Amino acid sequence: MILHYAKRWWLIVFLATSTAFSAGFLFPARWLTGQGLCGFRLATGTGCPGCGMTRSITSLLKGDLHRSIEMHAFGPVLAVVAAWMWMRALAALLSRDPVPLDLTRPGWLAGLVVFLLLYMG
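About the thresholds
- Residues numbered from 1 in each chain as written.
- Predicted model: local features only at pLDDT ≥ 70, side-chain atom pairs only at ≥ 80, totals over all residues.
- Heavy atoms only, no water.
- Helix = DSSP H or I, 4+ residues; strand = E, 2+ residues; numbered from the N terminus.
- Buried < 20%, exposed > 50% of the residue type's maximum accessible area, 1.4 Å probe, protein only.
- Contact = heavy atoms within 4.5 Å.
- Areas by Shrake-Rupley, 256 points an atom, 1.4 Å probe, with all protein chains shown as cover.
- Core = buried A, V, L, I, M, F, W, Y, C linked by side-chain atoms within 4.5 Å.
- Phe/Tyr/Trp six-rings, centres within 6.5 Å; stacked < 30°, edge-to-face > 60°.

Caption draft 1: Fine view of the overall build of the protein chain. Tallying secondary structure elements over the protein chain gives six helices and zero strands in all. Ordering the α and β elements of the protein chain from the N terminus gives α-α-α-α-α-α. Taken over 121 residues, the protein chain has a buried fraction of 27%. Relative to all contacts within the protein chain whose residues are 6 or more apart in sequence, the contacts with residues 24 or more apart total 59%. Here the protein chain has roughly 8,200 Å² of accessible surface; of this, 71% comes from carbon and sulfur atoms.

Next up, the structure:
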């Protein structure tokens, strides 16, 4: 059976979010301290808008909301968006009709980018 074009995109979203959440659960707690491995920070000495995001989401997945917000305030928001996308992908994969993955609406993506840039300031 060949997957419909829309179902292939949802499969990619499902696998990507599943992998990210699994990695967050398996991430060793000892790696949650320190500066992290941000290439931008290592090259310039200043953090990028996403610095601390991995540690924030990993802390959240380990049940530490306070540390998660402390690492990066946007981490819990991104985790909720990723969880919503995971559930939406699962529903689309289980449905009989192909559900289009509409990434053409710039509003939500632009909102995320603006929020990240404002967080830097």
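Caption draft 2: Seen up close, the nonpolar core. In terms of nonpolar packing, the biggest core is built from seven residues, these being Phe-21, Met-53, Ile-57, Leu-61, Phe-74, Ala-79 and Leu-112. Here this core takes three residues from helix H3 (residues 53-61), the largest share from any one element. Beyond its immediate stretch of four places on either side in the chain, Phe-74 contacts Met-53, Leu-112, Phe-115 and Leu-116. Ranked by size, the runner-up nonpolar core spans six residues in total, among them Trp-10, Val-13, Met-85 and Ala-89.

Caption draft 3: Just H3, in detail. Of all nine residues making up H3, seven are buried, and the element is well covered by its neighbours. Along H3, the residues classified as buried are Met-53, Arg-55, Ser-56, Ile-57, Thr-58, Ser-59 and Leu-61.

Caption draft 4: The arrangement of the packing of aromatic side chains in detail. The full count for this structure, using the stated rule, is one aromatic pair. Ring plane angle 25° and centroid distance 5.5 Å describe the contact between Phe-14 and Trp-86, whose orientation is recorded as stacked. Here Phe-14, found in helix H1 (residues 5-26), pairs with Trp-86, found in helix H5 (residues 75-94); they are 72 residues apart in sequence, far enough to count as distant. On the accessibility criterion, Phe-14 (18% relative accessible area) is buried.

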